[in-house]
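This is what each chain is made of:
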Amino acid sequence: MIRYLLLLFAFTAVGYTARNANSEGYKIKVRIPNLANKEIILGHHFADKLYPDDTLKLDNNGFGILNGNVKYPEGIYFFMTPSRNMFDFFLTDNQRFSLETDTLHLIEELKFEGSPENTSALEYLKLINSKQKEVIDLQEKKKGLTNENEIKRIDSQIDQFGKEIKEHARSVIEKNQNNFVGKFIRATQEIEIPEAPKDSEGKIIDPAFRYLFYAKHYFDNFDFTDARFLRTPIYQEKIKKYIDKVIPQIPDSINFECDKLLSEAEKDTNVFRYMLITLFNQYATSTIMGFDAVYVHIAENWYIPKATFSDTAFINQTAKTVQRLKPLLLGKPAPDLKMLWVPAEHFTEAKTDTVARDNPHTGSFINLYDIKAKYTILAFWESDCGHCKKSIPELFEVYKRLKNKGVEVMAVHGLGGVEGKRKWINFINEHEMHDWLNVWNPYDFEYKKTYNIISTPTIFILDKDKKIIGKKLEPKQIEEFINDLISLEKK
């Protein structure tokens, strides 16, 4: 909670947003005496960024007025000085008030007239700042103590500060229950979780009770459908925490929760747009195994049919990406591959035989589904890829430790032609990687589209039926993953 309020004074960026029409308009009088004849910037928060809205040139006395016939959207705004120092304030439905401060003590000397909601919020913030300083002092004092009673006394003081802040927050919320300040302060309060129920012997009945309660009531204090929260620094952090840390990190569970968030967000156009873009980008760029299923779900069910704000070309490209990814999701049967397998003896022969080295047609064709193995590692790589130069030899070492456990590797080299063959031969011989299935297709690269190979190495782990059970893993992770699977088989 304290962290959220202190965040209001920690941002230094700029941008732009639109305003809403209202006949009353706004009139904000500003007085900063030691900024006489200087220009300050009015701006607003939006998620984790700042955007400018207007500039104000102060007169010889450091006084100026911002006014207009169109109210600003409600939220948290700021004034930024020429030295890029800034202070925040609320714009609620009441946008006709005065404020005064000085540049040496922007927050300490800040005063409002005609805006009781800002005065109330400022008092609360000052209390937090004051108590936080006292807590820091007490924690420093505690470090050198050995007396248990004294330590308990300090801990009790710190707890009391927390209670005072919480009580003050309740007061602010009560005073401002009809404006956005009250709603915002409420959103900064953590959910109070009751103790888990116990049986007659005092044992907790459900060990997951507290987590389940917290997850269920996470949004009790925070109305994420209220577009005003978009213009604060807490919205994005709240949503990110929920999807990253609160809900189970399982694709099906994430899909379910994302559907709930997006369905509720549809109540407001701006909230829906922000929520959809945030969730879409979150999983479009995820490197976590299996989370591409979440991207596909959001893209297919929400972004493609409902992102009316998006560019048509991007929508079409997204649809194509989804179609490429769907057959490659965990649990899907791997698309079959017909590749040219080059045996180990050809690589050793080609060390000295340039004719053999430059012949791209050596070998015999093999299909992926012809490989009989408990687990198959399908690795797409290129000999001039920087990451491959490190990870593929590491994968080969992993293979040597796993091959007697029913593991086979189909290592697909992605460079074609004579030059690609030379690089391949040299790399395999240099690292003595003759023992697994070295395959390629000299002139047909359709398999790269089939397996969506946009970077190398790209690695899939398949079970005995060639279903995809793993991907996006480094060699060490692959070894742990397969060993864990083998251990589970024995249980």
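Above: the structure in question.
Calculation notes
- Residues numbered from 1 in each chain as written.
- Predicted model: local features only at pLDDT ≥ 70, side-chain atom pairs only at ≥ 80, totals over all residues.
- Heavy atoms only, no water.
- Salt bridge = Lys/Arg side-chain N within 4 Å of Asp/Glu carboxyl O.
- Helix = DSSP H or I, 4+ residues; strand = E, 2+ residues; numbered from the N terminus.
- Buried < 20%, exposed > 50% of the residue type's maximum accessible area, 1.4 Å probe, protein only.
- Contact = heavy atoms within 4.5 Å.

Peer 1: Outline the pattern of salt bridges, supporting the account with residue identities and numerical values.
Peer 2: One pass over the structure, following the stated rule, counts 34 salt bridges. Residue Glu-74 is joined to Arg-228 by a salt bridge in which the shortest nitrogen-to-oxygen separation is 3.1 Å. Placement of Glu-74 in the loop between β4 (63–68) and β5 (75–80) and of Arg-228 in the loop between α5 (209–217) and α6 (235–246) is noted, with a sequence separation of 154 residues between them. A relative accessible area of 18% means that Glu-74 is categorised as buried. Linking Asp-226 and Lys-183 is a salt bridge whose minimum nitrogen-to-oxygen distance equals 2.9 Å. Note that Asp-226 is positioned in the loop between α5 and α6 and Lys-183 in helix α4 (residues 180–187), a separation of 43 residues in sequence. Take Asp-226: its relative accessible area is 10%, and that puts it in the buried class. In this structure Lys-183 comes out as partly exposed when scored by relative accessible area, which is 29%.

Peer 1: Which residues make up the environment of Ile-154, and what values do they have?
Peer 2: Relative to the assigned elements, Ile-154 resides in helix α3 (residues 148–175). Take Ile-154: its relative accessible area is 0%, and that puts it in the buried class. Distance in space between the C-alpha atoms of Ile-154 and Thr-456 is 56 Å, their sequence separation being 302 residues. Beyond its immediate stretch of four places on either side in the chain, Ile-154 contacts Leu-138, Lys-141, Lys-142 and Leu-145.

Peer 1: Describe the environment of Leu-485, with residues and values.
Peer 2: Its location among the elements puts Leu-485 in helix α16 (residues 475–490). Judged by its relative accessible area of 22%, Leu-485 is partly exposed. Ignoring sequence-local partners within four residues, the contact set of Leu-485 consists of Tyr-375 and Ile-469.

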